[in-house]
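What follows is each chain in one-letter form.
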Amino acid sequence: MIIVLLGYMASGKSYFGRKIADILEYEFIDLDDFIEKEENTSISNLFSTKGEIYFRKKEHDSLKKLLATKNKTVISLGGGTPCYANNMDLLLKDTNVKTLYLQVTIPNLVERVLNETDKRPLIAHLKTKEALTEFIGKHLFERLGYYSQAEFTIDANKKENEIAESILMQLF
């Protein structure tokens, strides 16, 4: 089985992906990290030098590669991955894949990214809490149609151990 965690930036996909992989003794792969290693550069640099279209194609190709070659893997996707190149259809059609949407409220997302906007290309230009709240609210609304297609939705506003437990309960 391949377990795929999806959701908005800072929803805990990588954190809980590692945690679940450790518990299940699965391999863990963060899709953005995978792309950075293949391209030998950061996602931010890819966006600025080659553009979003190049990045989204690379993202799609990398996802296909991982789905074709890996088993007993937990993959954390980038926040936009499900929204482009029919990636959500690719995930949902694969009977070996379980998709989980880590759902987090807008105020919690804002708190999580407030002090790290410079590390996230999508929000690097936003400097105030109000601007972040407006952007995340609008952006999350646009992506919700993709996220909500996941097989399971996990309330990721809870305590750490409750979130991990919820993920495991949904899977088994």
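Use the structure listed above.
Quick caveat: nothing in here was measured; it's all calculated off a predicted structure.

A.B. asks: Explain the packing of helix α2 (residues 31-39) against helix α3 (residues 43-69) here, please?
C.D. replies: Between two packed helices, what matters for the description is the angle formed by their axes and the separation of those axes. Contact geometry of α2 with α3 gives a least axis separation of 9 Å together with a crossing angle of 110°. Accordingly, the angle class assigned to the pair α2 and α3 is roughly perpendicular. The handedness of the crossing between α2 and α3 is right-handed. Residue-level contacts link L31, D32, F34, I35, E36, E38 and E39 of α2 to I43, L46, K50, Y54, F55, K58, E59, S62, L63, K65 and L66 of α3. Partitioned by chemical class, the residues of the contact of α2 with α3 number nine nonpolar, one polar and eight charged.

A.B. asks: Looking at this structure, how should I read the packing of aromatic side chains?
C.D. replies: Think of a pair of aromatic rings as described by two things: how far the centres are apart, and how the planes are tilted against each other in angle. For the structure on display, the rule yields three aromatic pairs. Where Y15 meets F16, the ring centres are 5.0 Å apart and the plane angle is 90°; that geometry is what we call edge-to-face.

A.B. asks: Which parts of the structure should I look at to understand the packing of helix α1 (residues 13-24) against helix α7 (residues 160-171)?
C.D. replies: Packing of α1 against α7 leaves a shortest axis separation of 11 Å and a crossing angle of 60°. Of the possible angle classes, the one that applies to α1 and α7 is oblique. Two packed elements cross with a definite hand, and for α1 against α7 that hand is right-handed. Side by side, α1 and α7 meet where Y15, F16, K19, I20, I23 and L24 of the first sit next to E160, I163, A164, I167 and L168 of the second.

Rules used throughout
Counting of residues starts from 1 at the beginning of each chain's written sequence and follows it residue by residue. Thresholds applied to this predicted model are a pLDDT of at least 70 for local features of residues and 80 or more for the giving and counting of side-chain atom pairs; totals over whole chains, interfaces and linings are not thresholded and use all residues. In computing side-chain values, all of the structure's heavy atoms are included and hydrogens and water are not. Interaxial angles span 0 to 180 degrees and are taken between N-to-C directions of axes, which are lines fitted to C-alpha atoms, for helices over the stretch in contact. Secondary structure elements are defined from DSSP: runs of H or I of at least 4 residues count as helices, runs of E of at least 2 residues count as strands, and each element is numbered from the N terminus. Oblique is the label for any angle not covered by the other classes, which are roughly parallel (under 35 degrees), roughly antiparallel (over 145) and roughly perpendicular (65 to 115). Should the near helix be turned anticlockwise from the far one by less than a right angle, the crossing is left-handed, and should it be turned clockwise, the crossing is right-handed. The criterion used for residue contact is that any of the two residues' heavy atoms lie within 4.5 Å. Under the grouping applied here, Gly and all other residues not named as nonpolar or charged are polar, the nonpolar ones being Ala, Val, Leu, Ile, Met, Phe, Trp, Tyr, Cys and Pro and the charged ones Asp, Glu, Lys and Arg. Two rings from Phe, Tyr or Trp (for Trp, the six-membered ring) form a pair when their centres are within 6.5 Å of each other. A pair whose planes differ by under 30 degrees is stacked, one over 60 is edge-to-face, and the rest are tilted.

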